[in-house]
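What follows is the residue order along each chain.
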Amino acid sequence: MPVTVDFTTGRLNGSAVAESSRNLADLAGVFLDEAARQALPPNQLAYRVQLYLPVPEGTQGGLFWGNTFIEPGLVGDEYFMTKGHFHAQRDRAEYYTTVQGHGALILMDEAGHTWHEVMHPGSVHYIPGRTAHRVANTGDTVLSFLACWPSDAGHDYETIVNQGFGARMRAVNGKPELIPN
Ligand code: F6R
Ligand code: ZN
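If you're wondering where the values come from, they're calculated on a predicted model, not measured in any experiment. Counting of residues starts from 1 at the beginning of each chain's written sequence and follows it residue by residue. Going through the entries in the order they are written, you letter the chains from A and number the ligands from 1. Local features are withheld for residues below a pLDDT of 70 in this predicted model, meaning they are given only at 70 or higher, and side-chain atom pairs are given and counted only at 80 or more; totals for whole chains, interfaces and linings count all residues. Think of the side-chain values as coming from all heavy atoms in the structure, minus any hydrogens and water.

Enquirer: Please provide a residue-by-residue account of the overall build of the chain, values included.
Expert: Along its length, the chain carries 2 helices and 15 strands. Computed over its C-alpha atoms, the radius of gyration of the chain comes to 16 Å, within 12% of the 16 Å expected for a compact globule of 181 residues. Its C-alpha atoms put the chain at 45 × 35 × 30 Å along the principal axes. Exposure classes here rest on a 1.4 Å probe applied to the protein chains alone. A residue is buried below 20% of its type maximum, exposed above 50%, and partly exposed in between. Across the 181 residues that make up the chain, the buried fraction comes to 42%. Considering only residue pairs separated by 6 or more positions, the chain has 68% of its internal contacts joining residues 24 or more positions apart. Accessible surface for the chain amounts to roughly 8,800 Å². Of this, 53% is attributable to carbon and sulfur atoms. Under this rule, positive means Lys or Arg and negative means Asp or Glu; His and the chain ends count for nothing. Every charge is mapped onto a representative atom, which is NZ of Lys, CZ of Arg, CG of Asp or CD of Glu. If the 12 positive side-chain charges of the chain are averaged to one point and the 19 negative ones to another, these points end up 1 Å apart. The helix count covers DSSP runs of H or I at least four residues long, the strand count covers runs of E at least two residues long, and both are numbered beginning at the N terminus. Radius of gyration here uses only the C-alpha atoms, and the compact-globule reference equals 2.2 Å multiplied by the residue count raised to the power 0.38. What makes two residues a contact is simply this: any of their non-hydrogen atoms within 4.5 Å. Each accessible area is a Shrake-Rupley result for a 1.4 Å probe, and residues are judged covered by the shown protein chains and nothing else.

Enquirer: Residues and numbers for the site of ligand 1, please.
Expert: Residues are labelled near a given molecule or strand when at least one of their non-hydrogen atoms is within 4 Å of it. Looking at ligand 1, there are 15 residues lining it, with Tyr47, Thr68, Gly84, Tyr96 and Tyr157 nearest. In the model, an oxygen atom of ligand 1 is placed 2.8 Å from a nitrogen or oxygen of the threonine 68 side chain. Here an oxygen atom of ligand 1 and a side-chain polar atom of glutamate 94 are 2.9 Å apart. For ligand 1, whose accessible area on its own is 400 Å², the fraction buried by protein is 96%. At the level of elements, strand S4 (45-52), strand S8 (94-100) and strand S13 (143-150) are the ones that each hand at least two residues to the shell around ligand 1. Taken together, the residues of the shell around ligand 1 break down into 6 nonpolar, 7 polar and 2 charged. Think of a polar contact as two N or O atoms within 3.5 Å of one another; within protein, one of them needs to be a possible hydrogen donor and the other a possible acceptor, and neighboring residues in sequence only count if both atoms come from side chains. Three classes are used: nonpolar for Ala, Val, Leu, Ile, Met, Phe, Trp, Tyr, Cys and Pro, charged for Asp, Glu, Lys and Arg, and polar for all others, with Gly counted as polar.

Enquirer: Go over the sheet that holds S4 with me, naming the residues and quoting the values.
Expert: One open sheet accounts for 6 strands, arranged S3-S4-S5-S13-S8-S11; its pairing is antiparallel. Only two strands of the sheet have a single neighbouring strand rather than two, namely strand S3 (17-23) and strand S11 (124-127). For this sheet, the mean inter-axis angle between neighbouring strands, taken without regard to orientation, is 20°. A strand pair is defined by DSSP finding two or more bridges across the two strands. Bridge analysis of S4 against strand S5 (residues 63-70) gives 6 bridges, and the strand direction is antiparallel. Among the inter-strand pairings, tyrosine 52 is bridged to a residue of S5, identified as tryptophan 65. Only the contacting stretch of a helix is used when fitting its axis, a line to C-alpha atoms as for every element, and angles between N-to-C directions run 0 to 180 degrees.

Enquirer: Help me get a handle on the side chain of arginine 168, residues and values and all.
Expert: By secondary structure assignment, the location of arginine 168 is in strand S14 (residues 167-172). Engagement of the side chain of arginine 168 in a polar contact is seen with the side chain of glutamate 78, the distance being 2.6 Å. Dropping the residues within four chain positions of it, arginine 168 is found in contact with Val30, Phe31, Leu32, Glu78, Met81, Glu177, Leu178, Ile179 and Asn181.

Enquirer: Quick one: what's the story with the sheet that holds strand S9 (residues 103-109), residue by residue and with numbers?
Expert: Read from one edge to the other, the open sheet built from 3 strands follows the order S10-S9-S12, with strand pairing classed as antiparallel. Single-partner strands in this sheet number two, and they are strand S10 (114-119) and strand S12 (131-137). Across the sheet, the axes of successive neighbouring strands diverge by a mean angle of 25°, strand direction being ignored. Pairing of S9 with S12 involves 7 bridges; the strand directions are antiparallel. Directly across from leucine 105, in S12, lies its bridge partner valine 135.

Structural data, given as structure tokens:
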């Protein structure tokens with residue numbers, strides 16, 4: 001069965017599509033207010049990822065495709081977001097394209113300098129190599145985006161677990177603001 005994408009929702013269809021999800025229980029230590037995270041239901045869905053991996057992980061010259069769906073919500077005053085990562089092969093780049101909803105692509109270079117790009121339906125984001133990336137849902141509906149990256153990029157979550165990003169996307173008077181740590 002061929003793989004298709006529904007451009008109204010961002011949903012990927014086809015038997016070759018794999019799916020994974022992250023609940024708040026999977027995101028220990030990700031948010032600033034850990035007590036607020038623990039006060040929320042651990043089985044609350046934070047985000048889902050659909051993956052189309054047509055070649056084995058690590059293949060040089062191949063490409064992967066992934067669709068991410070982030071639920072709306074806050075942990076304390078911080079928007080629901082992905083864990084975020086550098087690519088293990090540091091120079092590997094990636095494209096993100098927003099389908100539905102509103103959010104922020106938070107980017108960080110290897111020196112910890114952190115900035116963001118606003119995500120809205122149709123926005124295209126080039127993530128250069130050596131740049132950690134994470135997405136926060138700053139709206140009140142599901143945020144969905146498409147991603148395409150090299151199949152030999154790999155993922156380094158560890159550096160983010162240990163060092164975090166240099167800033168966080170937090171609600172200030174109901175509006176998103178990137179606030180340095
Ligand atoms: C792949 C990529 C995305 C993310 C996805 C979930 O390189 O950047 O497909 O993997 O948005 O975010 P993480 O992987 O940070 O939990
Ligand atoms: Zn990535």
